[in-house]
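Commentary on secondary and tertiary structure
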Amino acid sequence: MFMNSIIADLNAAMSKKQLVNIYLNTGDIFYTGYIETYNDDEVIIATYESSGLADGYVAMKTAIIESVERQSEDLDSIKEKMLIAKDEGLMESKPSELHFDTNNNLFPQILIQAYLNQEVILIHDNEAERFYTGMVKKINNDSFKFLRVNKFDFMQNELVTMGFNQSMIIEFQGRELSVMSKVMDKVKENNIAKTAESINNIIDLLNDSFHHHNLVEVRCRYNDHFFYVGEVIMLNDSGAILKVVDMSGQFGGYVFIRMNGIQRVTVGNDYLELVQLMKDQNIADHNASQPVLNDSREFDSTEDNLNAILTQSMNKHQLIRLQLKSGSNFLGYPEKIGPESMKFSLLDETVNFFIYGQKIPLNDIVEVGFEYIYAYLDEQRLRRKGDM
């Protein structure tokens, strides 16, 4: 009976062209998008990022679907951002049209297409209970050869045999996967990485990036959510500004990082080579940056850049992301900046309501992310609603 209600929800969402959140019964994973096609056992969804930008497809077995959400504040927010993306002419990873036969199993058809087109896909392996990025290298009657690609260490790439029924989820033709598919044949396996953890060595590697425009990977002391990849475009005793490159090789905004907030810096590793190849591919494809972002800003190392970034955000009501020493991070803008602290308007967890007047000591700020697409879209959405 439960399965029938899931199929009924998929059918209703597809026939009404409704945006949905699909929640899975495995952990915290969920997907947002439109139902493209389905049968009793499988469904393909045209997925969207939380930014409202199209991001390829995901196929999944209906047996792992916990629920199908067809109405929520979250979906309303994404629909608003999708409208902004359309109005502003933003670049999206709109995948190619599907021509699959729903009367037959969809998973083998996806794997055959990935093999023929040499696409990089992301596949969940039931036995290992984890996702692997890679490429289909050979198709057999009921199994396939899959090259698992370790983006961080190409020497760890591994050719394995998987059964057609060994996976419940396949992501394909997304933003990162599409660009990766174009550059995999250019990847070299003899990169020699160099990592710096002491402040003098960190400064040397950042200085190299500043002068030679090479990419660096920066891990931060107070931020364990993610790391940054980018080019150093400003460096002084107080900190560095990175021109960030996102995981698909596109311009990802800027981040100011205090020098004492940097834990370690790496250059020359396999992942940086891959991101550089993707960045070069995007430049060749005229996809380097979203048209609403300025990816050619310059910063003066003799100025107090942190103050300049905060002041610009305050004056223009531009959303910025603050990372504090405490590990907390906030999205919002300053209301008033004093010599030692500022009053900050921060967005709540739903990114719908401002909490005004939060006092933040300036010395507690270790990172400021600014002028990146996610902040831009939330800012435009709130402006349209009259909340900014």
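Before reading on, note that the structure itself is shown above.
Only a predicted model underlies this, so the values are computations on that prediction, with no experimental measurement involved. Along each chain, residue indices are assigned from 1 in the same order as the chain's sequence is written. Local features in this predicted model are restricted to residues of pLDDT 70 or higher, and side-chain atom pairs are both shown and tallied only at a pLDDT of 80 or more, whereas totals for entire chains, interfaces and linings draw on every residue. Side-chain numbers here rest on the full set of heavy atoms in the structure, without hydrogens or water.

1. Here we look at helix H8 (residues 373-384)
Here a helix means four or more residues in a row that DSSP labels H or I, a strand means two or more in a row labelled E, and each is numbered from the N terminus. Here the expected span of a helix is defined as 1.5 Å times the quantity of residues minus one. For H8, spanning 12 residues, the distance from its first C-alpha to its last is 16 Å, which sits close to the expected 16 Å at 1.5 Å a residue. Here's how the labels work: a residue is buried when its accessible area is under 20% of the maximum for its type, exposed when over 50%, partly exposed in between, all with a 1.4 Å probe on protein chains only. Across the 12 residues that make up H8, a large majority, nine, are buried. Along H8, the residues that are buried comprise Ile373, Ala375, Tyr376, Leu377, Asp378, Glu379, Gln380, Arg381 and Leu382. A positive backbone phi angle near 80° is found at glycine 386, which sits one or two residues after H8.

2. Structural notes on the sheet that holds strand S13 (residues 228-235)
Across the sheet, which stays open at both edges, the 11 strands sit in the order S11-S16-S12-S13-S14-S15-S21-S17-S18-S19-S20 with antiparallel pairing between neighbours. Looking at the sheet topology across the chains shown, the edges are occupied by strand S11 (194-196) and strand S20 (354-361). The mean angle between the axes of side-by-side strands here comes to 40°, regardless of whether they run parallel or antiparallel. We call two residues in contact whenever any of their non-hydrogen atoms come within 4.5 Å of each other. Lines are fitted to the C-alpha atoms to define the axes, a helix being fitted only along its stretch in contact, and any angle between axes, read from their N-to-C directions, falls within 0 to 180 degrees. The strands touched by helix H5 (residues 199-212) within the sheet are S11, strand S12 (216-220), S13, strand S14 (239-245) and strand S16 (262-267), with S13 carrying the most contacts at an inclination of about 85°. Strand pairing is assigned whenever DSSP detects at least two bridges linking the two strands.

3. Things to note about the pattern of salt bridges
Within this document, salt bridges are pairs made up of a side-chain nitrogen of Lys or Arg and a carboxyl oxygen of Asp or Glu, the two lying within 4 Å of each other. Within this structure, the stated rule accounts for 16 salt bridges. Of the charged contacts, one joins aspartate 9 and arginine 70 as a salt bridge, the two residues approaching to 3.5 Å between their closest N and O atoms. Here aspartate 9, found in helix H1 (residues 2-15), pairs with arginine 70, found in the loop between strand S5 (65-69) and helix H2 (73-87); they are 61 residues apart in sequence, far enough to count as distant. For aspartate 9, a relative accessible area of 24% gives the class partly exposed. Taking the relative accessible area as the measure of exposure, arginine 70 reaches 25% and is therefore partly exposed. Where arginine 321 meets glutamate 367, a salt bridge forms, and the shortest distance between an N and an O atom there is 3.0 Å. Taken together, the residues arginine 321 in strand S17 (residues 320-324) and glutamate 367 in strand S21 (residues 365-370) connect sequence positions 46 residues apart. Residue glutamate 367 is classed as buried on the basis of its relative accessible area, which comes to 1%. Residues joined in a network through salt bridges with shared partners are Glu80, Lys81, Asp378 and Arg381.

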